[in-house]
Amino acid sequence: MDREEDKLQTLISPLIDDNIQEHREGGIRGEISKTNTSTIHQKGIDDERKKKVVVEEVKKQLWLAGPLICVSFLQFCLQLISVMFVGHLGELALAGASMATSFASVTGFSILENWSFEMMVLASGLLPNPQLQTSVLSICLNTASTVWTIPFGLGNAVSTRVSNELGAGHPQAARLAVSVVLVMAVTEGVLVGAVLILIRNLLGYAYSNEVEVVRYVAAMMPILAISNLLDGLQSVLSGSVRGCGRQKVGAFVNLGSYYLVGIPCALLFAFVLHIGGKSKKATERVYDSIIPEEAVVS
């Protein structure tokens, strides 16, 4: 009996228990390490998949937007180049051509947003020094319309992508398409705005040889850059709304923003508060910066 008890105590000795415990703990640590390694590996795979999905979405939208941007850009260039040629004939010729093209735009094939722009050109003819105001405003709107073709194409591309993904029952893919196009619109707006600001002192010479026109255009470029950024966001968001099948919402938003807010505010600032095309102070700075003929002769 004593020998059996000694064997039993030997089998359950603390040394054996510690070894078993250490072996078990080592196994658990190994399993945890393997689990962590596999988790990190899986996370890396998921990140790679997300990047591939985003890149594929960007490619799809660019393939859709590219032809739209090219066609729209070439169409707007017809009017843009015409204004450039006429502008070198003189300030009066540039103002007259601006009024004529604006009248043709609002009476011909156009859209609601373009109507509001051209109505501003027509209304600028009632401002003091209408030749300068109409010429500069026409130059700015033609430039804005040309660079607007980029977010216009992106807006139509995201409209197609959102409608396709929602129709296929993939709401997450549609949400990704909207997120991607917003980033692209912001990037485009910042880059184009930076280019407009950098060339602001040279852009006016493409339209006119008049110094006052060139300097007034340079003063307007920062405002035009900000307007292009905000208009680009509006274009892609309107495309997203159209893709969701809510065209009425986008139409009412455009109608309200341009015709119930934009045009009344423009008329109020120009004719009631007498701010003018950009501001009264900016106009005065343009005239003050012109060298008098007496100084040149002397």
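Look a little higher up for the structure.
Residues numbered from 1 in each chain as written. Predicted model: local features only at pLDDT ≥ 70, side-chain atom pairs only at ≥ 80, totals over all residues. Heavy atoms only, no water.

A. Local environment of a nonpolar patch on the surface. Residues Leu-112, Trp-115, Met-119, Phe-252 and Leu-255 make up a contiguous nonpolar surface patch of roughly 470 Å² in combined accessible area. At the level of secondary structure, the elements contributing two or more residues to the nonpolar patch comprise helix 4 (112–124) and helix 10 (247–272). If you tally residues by element for the nonpolar patch, the top one is helix 4, at three residues. Along the polypeptide, Phe-252 turns up in helix 10. Overall, the relative accessible area of 59% leaves Phe-252 in the exposed class. (Patch = residues over 30% accessible without salt bridge, like charges linked within 9 Å, V, L, I, M, F, W, Y side chains within 5 Å. Areas by Shrake-Rupley, 256 points an atom, 1.4 Å probe, with all protein chains shown as cover. Salt bridge = Lys/Arg side-chain N within 4 Å of Asp/Glu carboxyl O. Helix = DSSP H or I, 4+ residues; strand = E, 2+ residues; numbered from the N terminus. Buried < 20%, exposed > 50% of the residue type's maximum accessible area, 1.4 Å probe, protein only.)

B. Focus on the packing of aromatic side chains. Going through the model one piece at a time under the given rule, you end up with two aromatic pairs. Ring geometry for Phe-76 versus Trp-148: centroids 6.5 Å apart, planes at 90°, classification edge-to-face. With Phe-76 in helix 2 (residues 14–87) and Trp-148 in the loop between helix 5 (130–147) and helix 6 (149–167), this residue pair connects regions lying 72 residues apart in the sequence. (Phe/Tyr/Trp six-rings, centres within 6.5 Å; stacked < 30°, edge-to-face > 60°.)

C. Looking closely at the nonpolar core. Ranked by size, the top nonpolar core spans 19 residues in total, and within it Val-136 and Met-221 carry the most contacts. For this core, the secondary-structure elements that each account for two or more residues are helix 2, helix 5, helix 7 (171–198) and helix 9 (211–243). Discounting residues that sit within four places of it in the chain, Met-221 has contacts with Cys-140, Leu-196, Arg-200 and Leu-203. Ala-157, Val-158, Val-162 and Ala-174 belong to the second largest nonpolar core, which has 12 residues in total. (Core = buried A, V, L, I, M, F, W, Y, C linked by side-chain atoms within 4.5 Å. Contact = heavy atoms within 4.5 Å.)

D. Broad picture of the packing of helix 6 against helix 7. Where helix 6 meets helix 7, the axes come as close as 8 Å, and the angle between the chain directions of the two elements is 175°. Here helix 6 is positioned roughly antiparallel relative to helix 7, judged by the angle of their axes. Where helix 6 approaches helix 7, its residues Ile-150, Pro-151, Leu-154, Val-158, Arg-161, Val-162, Glu-165 and Leu-166 are matched on the opposing element by Pro-171, Ala-173, Ala-174, Ala-177, Val-178, Val-181, Met-184, Ala-185, Glu-188 and Val-192. In the contact of helix 6 with helix 7, the residues fall into 15 nonpolar, no polar and three charged. (Axes fitted to C-alpha atoms, helices over the stretch in contact; angles between N-to-C directions. Parallel < 35°, antiparallel > 145°, perpendicular 65-115°, else oblique. Nonpolar A, V, L, I, M, F, W, Y, C, P; charged D, E, K, R; others polar.)

E. Representation of the pattern of salt bridges in the model. Scanning the entire structure with this criterion turns up two salt bridges. A salt bridge links Glu-57 to Arg-161; its shortest N-O distance comes to 2.7 Å. Of this pair, Glu-57 sits in helix 2 while Arg-161 sits in helix 6, placing them 104 residues apart in sequence. Taking relative accessible area as the criterion, Arg-161 reaches 7% and is therefore assigned buried. The network of salt bridges with shared partners includes Glu-57, Arg-161 and Glu-165.

F. The arrangement of helix 5 in detail. Spanning 18 residues, helix 5 covers 26 Å between terminal C-alpha atoms, matching the ideal 26 Å at 1.5 Å per step. In terms of burial, helix 5 is largely enclosed, as 16 of its 18 residues are buried. (Expected span 1.5 Å × (residues − 1).)

G. Inspection of helix 10 at higher detail. An ideal rise of 1.5 Å per residue puts 38 Å on 26 residues; helix 10 measures up with 35 Å between its terminal C-alpha atoms. The axis of helix 10 is deflected most strongly, by about 30°, at Gly-262, and proline Pro-264 appears within four residues downstream. Gly-250, Asn-254, Gly-256, Tyr-258, Ile-263 and Ala-270 are the residues of helix 10 that are buried. Positive phi appears at His-274, one or two residues downstream of helix 10, with a value of about 55°. (Bend = angle between axes of the 7 residues up to and from the residue.)

H. View of the packing of helix 9 against helix 10. In the contact formed by helix 9 and helix 10, the axes pass within 7 Å of each other and the chain directions differ by 150°. As far as their axial angle goes, helix 10 and helix 9 are roughly antiparallel. The handedness of the crossing between helix 9 and helix 10 comes out as left-handed. In contact with Asp-231, Gln-234, Ser-238, Val-241 and Arg-242 of helix 9, helix 10 contributes Gln-247, Val-249, Gly-250, Asn-254 and Tyr-258. (Left-handed = near helix turned anticlockwise from the far one by under 90°.)

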